[in-house]
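# Breakdown of the fold
Below, each chain spelled out in residue letters.
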Amino acid sequence: MIRSALCLLFLLDASLAFSQDSLWYAKTTGGAGKLPFIEYGIGDDRLGGAKMGFLDSNIVVTVVDSFRTDYKIRLSNLHSAYIAKTSVLLLGKHPDTMVVHNTHLSGNIKVYGDSAYDYISVTLDERLPYRSMQLIGPSRIALDIFGVTSNTNWIVQMSTAKEIKNTWYEQTEDDVLRVYIDLRHTQHWGHSLSYDSSGRHLVMRVRRQPRTTDIRKLRIAIDPGHGGDNVGASGDISKITEKEYTLLIAKELQKALKKAGVKQLFMTRLKDTSLSMPERIEMLREFNPDLLVSVHLNSASNDTVQGTSTYYRYIGFRPLSMAILRQMLTLGLKEYGNVGNFNFALSGPTDYPNALVEVAFLSNPADEKKILNPKFHKQVAQKIYLGIVDWLKQLTP
Ligand SMILES: [Zn+2]
């Protein structure tokens, strides 16, 4: 089954002659942990090109061009994106090039909640591509649905919704519908997007701020970076590997959190295990944390570069990484900074707040000396714990 699909893909690809009069349909493929993502352009770096967002599977897109490992897909008349060829299955030639200029219509929008989450469901006539953005000041989520013209004359908002304060939309372009979702709390706690089984509703699940922000009641996930075949960076002088020391520090963090009374803890690994990023994401999705902390050790080609840093991908999750950095800096480490829009795979999910900590540089002799010291692991663990506590303290009720 997989083989024949791959074969078809290859044959089609070889014969593709992209031009305005030969467009192709394709549908996104996915599977556990492997959400297909779309990128803004063909740029690439160590962690891949800049991502526009993730897509559900079985979304039909129009392929307009082919570039190395990516297809260029049309999202709307004015928007396009790039997607890995391995993330789509070509379905065949477009029967009529005019079809792609026809837009779809949106229907009713419903906002509601159950015992755990809030939801917003947008009625559409097909599984169409989308992207979402966290906005701050005030905190809200913007959801762009591509290829859609509004026929939404009914936004029903139920009192069961606890986190979603307001919902409205704007037709930002002829065929792009932007739905705004206002949040009750300043802090973003995450959201997930997928189509329901009918394929007629794009559903956003919005995580609520926990009823109590007592750290002991939270579900906390820790990801010790690397492991197994993936050794990560290595010590400049000691030649120790990043994977061993991220695990040592993560275990100290696990201990510190347990000691503080956190009961719902999850470590992506407890041993020297090889784990792919999709595997980690799938495990995390299953655990469904309230927050995730990833632990890494940095490295640079220039051995004078040193210091501690924290990373986030989405602006709504920045406060957690800032709070951890402020605590880390009290260890007397130099500041390497707080880095945004970071393209690390585990920073990619929008589902829960997450922060990555690059404790210090293995490539810098002074930092390396600290990293080798077991006392320092305990101190780092304590600072990360205090950073989480500080972050929780500044939440709006
Ligand atoms: Zn690393």
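Since the structure is predicted, the reported quantities are computational estimates derived from the model, not experimental observations.

## Some details on the coordination of the zinc ion
Distances from the zinc ion to its protein donors, His226 (NE2), Glu242 (OE) and His296 (ND1), fall within 2.0 to 2.2 Å. In primary-sequence terms, the residues that donate to the zinc ion follow H-x15-E-x53-H. Note that His226 is positioned in the loop between strand E18 (219-224) and helix H2 (242-259) and His296 in strand E20 (residues 291-298), a separation of 70 residues in sequence. The two residues His226 and His296 agree in class, both being buried.

## A look at the layout of surface pockets
For the second largest pocket, the calculated volume is near 520 Å³. If you go around the second largest pocket, you meet 20 residues; those closest to its centre are Ala116, Arg208, Gln209, Pro210 and Arg211.

## Quick word on the pattern of salt bridges
According to the stated counting rule, one finds 13 salt bridges in the structure shown. In this structure, the salt-bridge partner of Asp214 is Arg216, at a minimum N-O distance of 2.8 Å. Given a relative accessible area of 23%, Asp214 falls into the partly exposed group. Within the structure, one salt-bridge network assembled from shared partners comprises Arg131, Asp144 and Arg178.

## Side note on the sheet that holds strand E6 (residues 80-84)
The strand order across the open sheet built from seven strands is E3-E2-E6-E5-E4-E1-E7, with neighbouring strands paired in antiparallel fashion. Two strands bound the open sheet, and with one partner strand each, they are strand E3 (51-54) and strand E7 (88-93). Neighbouring strand axes in the sheet, compared pairwise and without regard to direction, differ in orientation by 40° on average. As paired elements, strand E2 (residues 37-39) and E3 share three bridges and run antiparallel to each other. The residue of E3 that forms the bridge with Glu39 is Lys51.

## Digging into the pairing of E20
Counting buried positions along E20 gives eight out of eight residues, so the element sits mostly inside the fold. Side-chain alternation along E20 places Leu291, Val293, Val295 and Leu297 on one buried face and Leu292, Ser294, His296 and Asn298 on a second face that is also buried. Here five bridges tie E18 to E20, and the two strands are oriented parallel to one another. Counterpart to Ala221 in the pairing with E20 is Leu292. Bridging between E20 and strand E23 (residues 354-361) involves six bridges; their strand directions are parallel. Within E23, the position partnered with Leu292 by the bridge is Asn354.

## Side note on unusual backbone geometry
Note the cis peptide between Gly137 and Pro138, where omega equals 5°. Topologically, Pro138 is positioned in the loop between strand E10 (130-135) and strand E11 (140-146). Phi at Asn58 takes a positive value of approximately 65°, unusual for a residue other than glycine. Position of Asn58 relative to the elements: it lies in the loop between E3 and strand E4 (60-67). In this structure, Asn288 takes a positive phi of about 55° despite not being glycine. In this structure, Asn288 sits in the loop between helix H3 (277-287) and E20. Owing to a relative accessible area of 22%, Asn288 belongs among the partly exposed residues under this scheme.

Calculation criteria
Residues numbered from 1 in each chain as written. Predicted model: local features only at pLDDT ≥ 70, side-chain atom pairs only at ≥ 80, totals over all residues. Heavy atoms only, no water. Donors = N, O, S within 2.8 Å, 3.2 Å for Na, K, Ca; no water. Helix = DSSP H or I, 4+ residues; strand = E, 2+ residues; numbered from the N terminus. Buried < 20%, exposed > 50% of the residue type's maximum accessible area, 1.4 Å probe, protein only. 1 Å grid on protein atoms, 1.4 Å probe; cavity = no way out; pocket = protein on both sides within 12 Å on 5 of 7 lines; lining within 4 Å. Points joined across faces, edges and corners; volume = space filled by probe spheres on them. Salt bridge = Lys/Arg side-chain N within 4 Å of Asp/Glu carboxyl O. Pairing = 2+ DSSP bridges. Axes fitted to C-alpha atoms, helices over the stretch in contact; angles between N-to-C directions.

Any functional reading would require information that these geometric values do not contain.
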